[in-house]
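Fold and geometry: a report
As a plain string of letters, each chain reads:
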Protein chains: 2
Amino acid sequence: MITLAEENYLKAIWAISLNTNEKASTNAIADEISTSAASVSDMLRKLQEKELIKYEKYKGVELSEKGGNLATSIIRKHRLWETFLVNKLAFNWGEVHDVAEQLEHIKSDELVDKLDSFLGFPKFDPHGEPIPTKDGEIPTTNAIPLNELQTATKGRVMGVTLDEKSFLDYLTQLNIRIGTKIELLEKISFDQSLSINIENTNQHISNDVAKHLLIKIK
Amino acid sequence: MITLAEENYLKAIWAISLNTNEKASTNAIADEISTSAASVSDMLRKLQEKELIKYEKYKGVELSEKGGNLATSIIRKHRLWETFLVNKLAFNWGEVHDVAEQLEHIKSDELVDKLDSFLGFPKFDPHGEPIPTKDGEIPTTNAIPLNELQTATKGRVMGVTLDEKSFLDYLTQLNIRIGTKIELLEKISFDQSLSINIENTNQHISNDVAKHLLIKIK
DNA sequence: ATAAAAATTTAGACGAGTCTAAAGAAATAA
DNA sequence: TTATTTCTTTAGACTCGTCTAAATTTTTAT
Ligand SMILES: [Mn+2]
Ligand SMILES: [Mn+2]
Ligand SMILES: [Mn+2]
Ligand SMILES: [Mn+2]
């Protein structure tokens, strides 16, 4: 049996190596789940014991196959529940993450299958994040972060890579949603901020915002 | 903050006093949640501390107003989720209780409200059990247990008072569902078992089964 | 290459929730 | 009314997940 705390550690390791493509450090994990490095060290020993991770003291950690499958299935549940909350219960996209953090730990394969079917087997959640399939495949897109685009490129918002409420509320205020057409007008070299055009209106956003917006060109 | 364990104790006390209409004993609670009497004693001290129960050592326990409201809200969530699972996800009525035991602990008032609305504000769950309203009202019926009926009485099944899968599967096998017309033909005085007619077929059931079937006469 | 800084692990403690065994209180029987 | 049985509480211990402080290892800077 895997506990709720263990599931959260697996998810943290998964998220870190998704971004960095390398082993997760103790401090990075501590940071991700807002706990002490000491607690992380303790837990890594336990997860190693259960063969959910590959861990060498002082050398960082990665998920084992078993741990990776578990992490993926939690992400799958998280994103299916977010989709349910937005598509069926009329939550808006900024309100669903915290509830999904609870729902993702519900244990019932039958439930996940039926929820998936009820939702019409969605490939992406309300934030444009890919929903792993039952057998662990993760849908891909060729979208890239807005801050990496060439000036004068046109594209469409395919998703975000951050589900914080304050960020999503700001996007809504800017009229940016999944599917919104966007054009990169200018990059300011001083602070890497960007001038963009959204639905015939010019806007100016920071690099910090742009890097969390995934754009599909043309 | 109330923990998952505390919620389960409140629910147990609620369930016991629902049946007996008197204070819950330590042993009854231990029985209800399959734990030791020692653990129950420990927990009662803590719940008392939080003013969720009224407890005097050796004298039994009842819920405080605060505790009662909490218990009712957990039952509400449990039954709403069961309704969701059956009505929306096509589970059958014997498969939902265990998952609902997990889902009932999800904390989000917004979620409960929206789920309630999505389901069309149901008054009874798939087992005919009343769903407490947002402000704690519990719908009533004038249904009575089948084993308390007079011989030759006709009625309709309004609900069951037990959620166990084996019981519900047996009912399904007997063609007994919510709404099924039923007639009490004969009570055997030797073992209180009952002859009944269900949809033009005669059946024979034990008193143990009959007492968990709620019937509305006529 | 050595010293200083940063990262990580270990030691020791704590609260929550559980257990078994033993002691104490209440109910029942003689 | 006294003895016995049953119920309940307390004592002491254990696991899980967390913490702070201290020790150790690794990395970085001089
Ligand atoms: Mn999320
Ligand atoms: Mn998401
Ligand atoms: Mn139930
Ligand atoms: Mn029910």
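Note: the structure precedes this text.
Quick caveat, the model's predicted, so the values are computed rather than measured.

Sheet faces and side chains relate simply in a regular strand, where the side chains alternate between the two faces. Residue and element names in this part refer to chain B. Relative to strand S8 (residues 213-217), strand S3 (residues 144-145) runs antiparallel, the two being bridged by two bridges. Across the sheet, proline 145 pairs through a bridge with leucine 214, a residue of S8. By the bridge criterion, five bridges tie strand S4 (residues 154-160) to S8 in an arrangement that is antiparallel. When the sheet's bridge partners are listed, valine 157 is paired in S8 with isoleucine 215.

Let us now look at the relation of the copies chain A and chain B. Under the fitted operation, chain A is carried onto chain B by 0.0 Å of movement along the axis and a turn of 180°, and the coordinates agree to an RMSD of 0.0 Å. Viewed as a symmetry operation, the transformation between the two copies matches a two-fold axis. Measuring from the rotation axis to each C-alpha of chain A, the shortest distance belongs to Leu103(A), at 3.8 Å. A high fraction, 100%, of the interface residues of chain A reappear at the interface in chain B, so the copies pair face to face through one surface.

In this section: the sheet that holds S8(B). Residues and elements named next belong to chain B. The six strands lie next to each other as S3-S8-S4-S5-S6-S7, forming an open sheet whose pairing is antiparallel. Among the strands making up the open sheet, the edge pair consists of S3 and strand S7 (201-205). Across the face of the sheet, helix H7 (residues 165-173) comes into contact with S4, S7 and S8 while running at roughly 150° to S4.

In this section: the coordination of the manganese ion (ligand 1). Residues and elements named next belong to chain A. Those protein atoms acting as donors to the manganese ion (ligand 1) are His78 (NE2), Glu82 (OE), His97 (ND1) and Asp163 (OD), and they sit at 2.0 to 2.3 Å. For the manganese ion (ligand 1), the donor residues sit on a single chain with the sequence spacing H-x3-E-x14-H-x65-D. Taken as a pair, the manganese ion (ligand 1) and the manganese ion (ligand 2) show a spacing of 3.6 Å, with glutamate 82 coordinating each metal. Residue histidine 97 is found in helix H5 (residues 97-103), and its partner aspartate 163 is found in the loop between strand S4 (154-160) and helix H7 (165-173); the two are separated by 66 residues along the sequence.

Let's shift gears to the pairing of S7(B). Residues and elements named next belong to chain B. When strand S6 (residues 194-198) meets S7, the two strands line up antiparallel, connected through five bridges. Residue pairing in the sheet places isoleucine 198 in a bridge with threonine 201 of S7. Turn length for the S6-S7 hairpin, with the two strands adjacent in sequence and antiparallel, is two residues, and the turn residue glutamate 199 shows positive phi of about 45°.

The next thing to look at is the protein's contact with DNA strand C. The full set close to DNA strand C counts 20 residues, and Ser41(A), Tyr55(A), Lys57(A), Thr3(B) and Thr35(B) are the nearest of them. Here DNA strand C approaches the protein such that, of its atoms within 4 Å, sugar and phosphate make up 72%. At a separation of 2.9 Å, a phosphate oxygen of DNA strand C approaches a polar backbone atom of Tyr58(A). Of all the secondary structure elements, the ones that give two or more residues to the surface near DNA strand C are helix H2 (26-32) and helix H3 (37-49) of chain A together with helix H1 (4-20) and helix H3 (37-49) of chain B. No other element matches the five residues that H3(B) contributes to the surface near DNA strand C. Taken together, the residues that form the surface near DNA strand C break down as nine nonpolar, eight polar and three charged.

All names here are of chain B. Of the protein atoms, only Glu82 (OE), Asp125 (OD), His127 (ND1) and Glu129 (OE) coordinate the manganese ion (ligand 4), at distances of 2.1 to 2.3 Å. Coordination of the manganese ion (ligand 4) draws on donor residues from a single chain, spaced E-x42-D-x1-H-x1-E in sequence. The exposure class assigned to glutamate 82 is buried, which follows from its relative accessible area of 0%.

Around DNA strand D, the surrounding shell holds 20 residues, and the nearest of these are Thr3(A), Thr35(A), Ser41(B), Tyr55(B) and Lys57(B). Near the protein, meaning within 4 Å, the atoms of DNA strand D are sugar or phosphate in a fraction of 71%, with bases accounting for the rest. Taking Tyr58(A), its side chain carries an N or O atom lying 3.4 Å from a sugar or linking oxygen of DNA strand D. For DNA strand D, a phosphate oxygen lies 2.6 Å from a polar atom in the side chain of Lys57(B). The element contributing the most residues to the surface near DNA strand D is H3(A), with five residues. Classifying every residue of the surface near DNA strand D gives nine nonpolar, eight polar and three charged.

A few words on the interface of chain A and chain B. Taken together, the contacts link 20 residues of chain A with 20 residues of chain B. At the boundary of chain A with chain B, total buried surface from both sides reaches about 1,600 Å², with 74% on carbon and sulfur atoms. Looking at the side of chain A facing chain B, the largest losses of area belong to Leu89(A), Gln102(A) and Lys114(A), adding up to 30% of the total buried there. Put simply, chain A and chain B have four residue pairs in polar contact (both at pLDDT 80 or more) between them. Secondary-structure elements contributing two or more residues to the side of chain A that touches chain B are helix H4 (65-87), H5 and helix H6 (109-118) of chain A. Sorting elements by how many residues they give to the side of chain A that touches chain B places H6(A) first, with five residues.

So, on to the sheet that holds strand S6 (residues 194-198) of chain A. Residue and element names in this part refer to chain A. The sheet built from six strands is open, its strands ordered S3-S8-S4-S5-S6-S7 with antiparallel pairing. The sheet terminates laterally at strand S3 (144-145) and strand S7 (201-205), the two strands that pair on one side only. In this fold H7 packs onto S4, S7 and strand S8 (213-217), with an angle of close to 150° to the strand it touches most, S4.

Right, let's get into H3(B). All names here are of chain B. Compared with an ideal rise of 1.5 Å per residue, which puts 13 residues at 18 Å, H3 spans 19 Å between its outermost C-alpha atoms and is within 8% of the ideal. Turning to H3, its buried residues number three or more, namely Val40, Met43, Leu44 and Leu47. In an axial view of H3, the angular spread of the buried residues amounts to 110°, which keeps them on one side of the axis. Exposed residues on H3 whose side chains face more than 90 degrees from its buried face are Ala38 and Glu49. Its buried side turned inward, H3 meets H1, helix H2 (26-32), strand S1 (53-55) and strand S2 (61-63). Glutamate 51 sits one or two positions beyond H3 and adopts a positive phi of about 60°.

Cut-offs used in this document
- Residues numbered from 1 in each chain as written.
- Chains lettered and ligands numbered in written order.
- Predicted model: local features only at pLDDT ≥ 70, side-chain atom pairs only at ≥ 80, totals over all residues.
- Heavy atoms only, no water.
- Pairing = 2+ DSSP bridges.
- Helix = DSSP H or I, 4+ residues; strand = E, 2+ residues; numbered from the N terminus.
- Least-squares fit on C-alpha atoms with pLDDT ≥ 70 in both.
- Contact = heavy atoms within 4.5 Å.
- Axes fitted to C-alpha atoms, helices over the stretch in contact; angles between N-to-C directions.
- Donors = N, O, S within 2.8 Å, 3.2 Å for Na, K, Ca; no water.
- Near = heavy atom within 4 Å.
- Polar contact = N/O pair within 3.5 Å; in protein donor to acceptor, adjacent residues only side chain to side chain.
- Nonpolar A, V, L, I, M, F, W, Y, C, P; charged D, E, K, R; others polar.
- Buried < 20%, exposed > 50% of the residue type's maximum accessible area, 1.4 Å probe, protein only.
- Buried area = accessible area lost by both parts, 1.4 Å probe.
- Expected span 1.5 Å × (residues − 1).
- Arc of directions from axis to C-beta.

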